[in-house]
Amino acid sequence: MQPEGPYRFTHVLGSSQVGKAWAAIDGQGRLVTVAVLDAAVAATPAWREAFAATANALAQTQGGQTFAYADFGAAAPWVAYPAEAGPGAEKLFRALGVDYQPVPEVAGPNTPPATGPANPPVPQQAGPPQPVSGVPQSVSGPPQPVSGVPQSVSGLPQVSGPPQSVSGVPQVSAPPYAPWAMHGGPVPVQPVSAAPHPVSGAGSEASTVDPVLPDADRSSTGDPFTAPVRRIKPSPPPPRRTGLWVGIGAAALAVALAAGATVWAVTGDEEPSVPQTLPTASGAFPSAPAINPGLKPWAQAAPYSPEERALAIAGPSLVFVEAVFTGTLREAKSNVPLSVTPVTFKRRCSGFVVNPDGHIVTNGQCVRPAVDAARERALYTLGRILIEQKKLTTPQLDGYVQSKLNSTVFTGAEPGSEPTSQVFGQFNVARGDLTASPAIPGQVVRVLEPDAGNLALVKLTQPSLPAVELAEGGAPAPGAALLVLGYRTTDADFRAATYTVESKPAQVAGTANQGSVAVSRLNDDVGIYSAGGVALDTAGRVVGVLDTDRAASGGANRALVPVSVVTGLLGAGGTSSSRADTDRVYREGLDEFFAGRNDDAIASFDRVVEASPVNVLAQAYRQNAIDRARLADESDGMPRLLVASLAALGGLLLVGLVVLVVVFRRRPRY
């Protein structure tokens, strides 16, 4: 079955344990080779990441293989290489370390058949035809025998197939004697060749007299043209110039070795040395980051694009925020609790770090919901508890909440007191219902009302956190292309679900007013938990904060609160946006990585990992740089060897040209 893609696949070039290499034609009729990772293998994240990372590393490696198009997010990821650039698909599979087997070529119609019992070898003519002194003339009738030996007069013998058994006539291995031509000696008797089968009717003995033997060995025939001695004597062979050819061969070898050694020495130090921290590859695919950063910019945007770099810059600053509220539901008139045990519910959203002191900005309703919203959420939580106790059924849940919504209050342990609340933040991959490490406790500093921006400033207890940069200027104009970033989950049970940072391209569709704030409206979002997330420009700067679009159905987070509201919130909370030296070094490491300077990037990421362990993306990009340097080192030996071989071949060709000139100058002129 052919893979899916924007190509017309013609045939398979080779296969491996993880995928196949295909020959294909694109929409413009150009030939490409396509490496396709099997869908079953791509279901394993490590293989999908290794496939994309290896293709990207080869594309950035000097002397590597640049691909034309790729789709790493497909069910069966694929990478297409221009056919004129060589076997790119094969090179990718071999770089993955798998056993690649090319498909053998099918023999064409001109391929000679193999010899054997069914195809016996065709006999070849034993030697060149002997010269004659006249031109054969066409004769009518059967050939006439001369001196008892049958001769053929139809011209030189041609071998058209395997030898056949002939009755009465022996097969000969020399050309026939022509009786009409003038000869300088007696009629030669041809030696009889060994026949494959016994022949009948022929003499058991044949003369082997050579017509060029001295006259003393010839029989007298009375031929008037026969001379007592040879009329033409062969000239003696020229003396062999063994010493000359030995000298020429030694000179050629010396030139080739000298040229190869020179090129090897000149090119040996051009490539930077591979860092000593390179790991030894284990398994069938390149080494991958040991820690999952959650957000993988190289997989969520085009490799080495401005979008990938923007995600890599802002990704470490994203925070998963979980607020926990505990209180008692009471009848409003009598203060009688609806349940003897307190009710606890949680709200989850996104946020981002604004300075290394641990200040984050998030959604206001997430960490401090309105009274009505908190009461409704507490009633739904109590209703689910009653369903588990078999005191309520699932179809009755909505009716139960509506019947109690206006007659109850949500308080603390004592009537009239406030419910207790806690806030926790997690980085990278987060898990719901987690209050212990790696969850970081926080304190709400300030909250803006929904009509004033619906933002909150929270101070986490852990310092040295990676901070994002705020963009300057006003709100993005309609039509502006942005990247939205926030937490989401695909787990069915949201309570203990796993949450990761997701990104999506979006465009400003227009503007609207939410209370006193003019917000931008986007055409897409990344889910209900992205409230408090960010929208980025291509430089990785925050241009707005995601909030619920009140005009959109379903409560999608497509409203963008401008950065000016964030700046005002920070000022009211007694802080400001800033970044630490570690953030500067991290951005320098990204600049070096995207410029292909692996050694410098690794050194920068080492400093970031040591100073800010929370920045797992720094660890991931450090590992990517190491893998890319290892691939460059593995592919470096072949180009250098190829250059040296070409230099040696050039030396041999130069010496060969000199030899030809010498030989032609020494040839005698007649």
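Anything mentioned here points back to the structure above.
This section reports on the structure supplied with the text. (Residues numbered from 1 in each chain as written. Predicted model: local features only at pLDDT ≥ 70, side-chain atom pairs only at ≥ 80, totals over all residues. Heavy atoms only, no water.)

Quick look at the overall build of the protein chain
No. 1: Along its length, the protein chain carries 13 helices and 20 strands.
No. 2: Split into buried and exposed, the 670 residues of the protein chain put 39% on the buried side.
No. 3: Look at the contacts in the protein chain between residues 6 or more apart in sequence, and 65% of them connect residues 24 or more apart.
No. 4: A total of about 36,300 Å² of accessible surface is found on the protein chain, and carbon and sulfur atoms cover 57% of it. (Helix = DSSP H or I, 4+ residues; strand = E, 2+ residues; numbered from the N terminus. Buried < 20%, exposed > 50% of the residue type's maximum accessible area, 1.4 Å probe, protein only. Contact = heavy atoms within 4.5 Å. Areas by Shrake-Rupley, 256 points an atom, 1.4 Å probe, with all protein chains shown as cover.)

Topic: the side chain of aspartate 547
No. 1: Position of aspartate 547 among the secondary structure elements: in strand E19 (residues 542-547).
No. 2: Non-local contacts of aspartate 547, meaning those with residues more than four positions away in its chain, are made with Asn363, Gly453, Asn454, Gln514, Ala556, Asn557, Arg558, Ala559 and Val561.

Digging into the environment of serine 15
No. 1: For serine 15, the position within the fold is in strand E1 (residues 8-15).
No. 2: Using a relative accessible area of 29% as the deciding quantity, one classes serine 15 as partly exposed.
No. 3: Sequence-wise, serine 15 and glutamate 90 are 75 residues apart; in three dimensions their C-alpha atoms are separated by 8.7 Å.
No. 4: Those residues in contact with serine 15 that sit more than four places away from it in its chain are Lys20, Asp99, Tyr100 and Gln101.

Considering the sheet that holds strand E4 (residues 69-71)
No. 1: Taken in spatial order, the 6 strands of this open sheet run E4-E5-E3-E2-E1-E6, and their pairing is antiparallel. Across the chains shown, the open sheet's two edge strands, defined by having one partner strand only, are E4 and strand E6 (101-102).
No. 2: Pairing between strand E2 (residues 19-25) and strand E3 (residues 31-37): 7 bridges, direction antiparallel. In the strand pairing of E3, glycine 19 is matched with leucine 37. (Pairing = 2+ DSSP bridges.)

Side note on the nonpolar core
No. 1: Judged by nonpolar contacts, the single largest core of 54 residues is most densely connected at Leu485 and Tyr621.
No. 2: Looking at this core element by element, the count peaks at 6 residues for helix H13 (residues 616-666).
No. 3: Setting aside chain neighbours within four positions, we find leucine 485 in contact with Leu295, Leu311, Ala314, Gly315, Leu318, Val501, Glu502, Ser503, Gly533, Val534, Leu536 and Leu546. (Core = buried A, V, L, I, M, F, W, Y, C linked by side-chain atoms within 4.5 Å.)

Things to note about the state of the cysteines
In protein chemistry, a disulfide is the covalent bond that joins the sulfur atoms of two cysteines.
No. 1: Scanning the model with the defined rule gives 1 disulfide in all.
No. 2: The partner cysteine of cysteine 349 in its disulfide is cysteine 366, sulfur to sulfur 2.2 Å. Judged by the torsion about the S-S bond (-90°), the cysteine 349/cysteine 366 disulfide is left-handed. Separated by 17 residues along the polypeptide, cysteine 349 in strand E8 (residues 343-353) and cysteine 366 in helix H7 (residues 364-367) bring together distant segments of the chain.
No. 3: Overall, the relative accessible area of 3% leaves cysteine 366 in the buried class. (Disulfide = S-S within 2.5 Å.)

Let's talk about the pairing of strand E9 (residues 359-363)
No. 1: Where burial is concerned, most of E9 is hidden: 5 out of the 5 residues are buried.
No. 2: Counted between consecutive antiparallel strands, the loop separating E8 from E9 contains 5 residues, among which glycine 358 sits at a positive phi close to 105°.

Some details on helix H2 (residues 45-60)
No. 1: The first and last C-alpha atoms of H2 sit 22 Å apart over 16 residues, in line with the 22 Å expected at 1.5 Å per residue.
No. 2: Turning to H2, its buried residues are Trp47, Ala50, Phe51, Ala52, Thr54, Ala55, Asn56, Ala57 and Leu58. (Expected span 1.5 Å × (residues − 1).)

Considering unusual backbone geometry
No. 1: Serine 437 connects to proline 438 through a cis peptide bond whose omega is 15°.
No. 2: As for its placement among the helices and strands, proline 438 is situated in the loop between strand E12 (430-431) and strand E13 (440-447).
No. 3: Residue tyrosine 304 is not a glycine yet carries a positive backbone phi of 60°.
No. 4: Phi at asparagine 335 is positive, roughly 60°, even though this residue is not glycine.
No. 5: With respect to the helices and strands, the residue asparagine 335 is situated in the loop between strand E7 (318-331) and E8.
No. 6: Classification of asparagine 335 as partly exposed rests on a relative accessible area of 34%.

Points about the pattern of salt bridges
No. 1: Taken as a whole, this structure holds 17 salt bridges when the rule is applied.
No. 2: In this structure, arginine 94 and glutamate 90 form a salt bridge, with 2.9 Å as the shortest nitrogen-oxygen distance. A residue pair is termed a helical-turn pair when its members lie 3 or 4 positions apart in one helix, as arginine 94 and glutamate 90 do in helix H3 (residues 88-95) at 4 residues.
No. 3: You can call arginine 94 partly exposed: its relative accessible area is 43%.
No. 4: Between arginine 584 and glutamate 588 there is a salt bridge whose closest N-O contact spans 2.9 Å. Pair noted here: arginine 584 and glutamate 588 are both in helix H11 (residues 581-594), with a separation of 4 residues, about one helical turn.
No. 5: Taking relative accessible area as the criterion, arginine 584 reaches 42% and is therefore assigned partly exposed.
No. 6: Salt bridges sharing common partners tie together Glu322, Lys346, Arg348 and Asp433. (Salt bridge = Lys/Arg side-chain N within 4 Å of Asp/Glu carboxyl O.)

Description of the pairing of strand E17 (residues 517-522)
No. 1: Of the pairings in the sheet, the one linking strand E16 (residues 498-514) to E17 comprises 6 bridges and is antiparallel in character. Within the sheet, the bridge partner assigned to glutamine 514 lies in E17 and is valine 517.
No. 2: From the end of E16 to the start of E17, which pair antiparallel, there are 2 residues, and glycine 515 there has a positive phi angle of about 70°.
No. 3: Across 2 bridges, E17 lies against strand E20 (residues 559-562) in antiparallel orientation.

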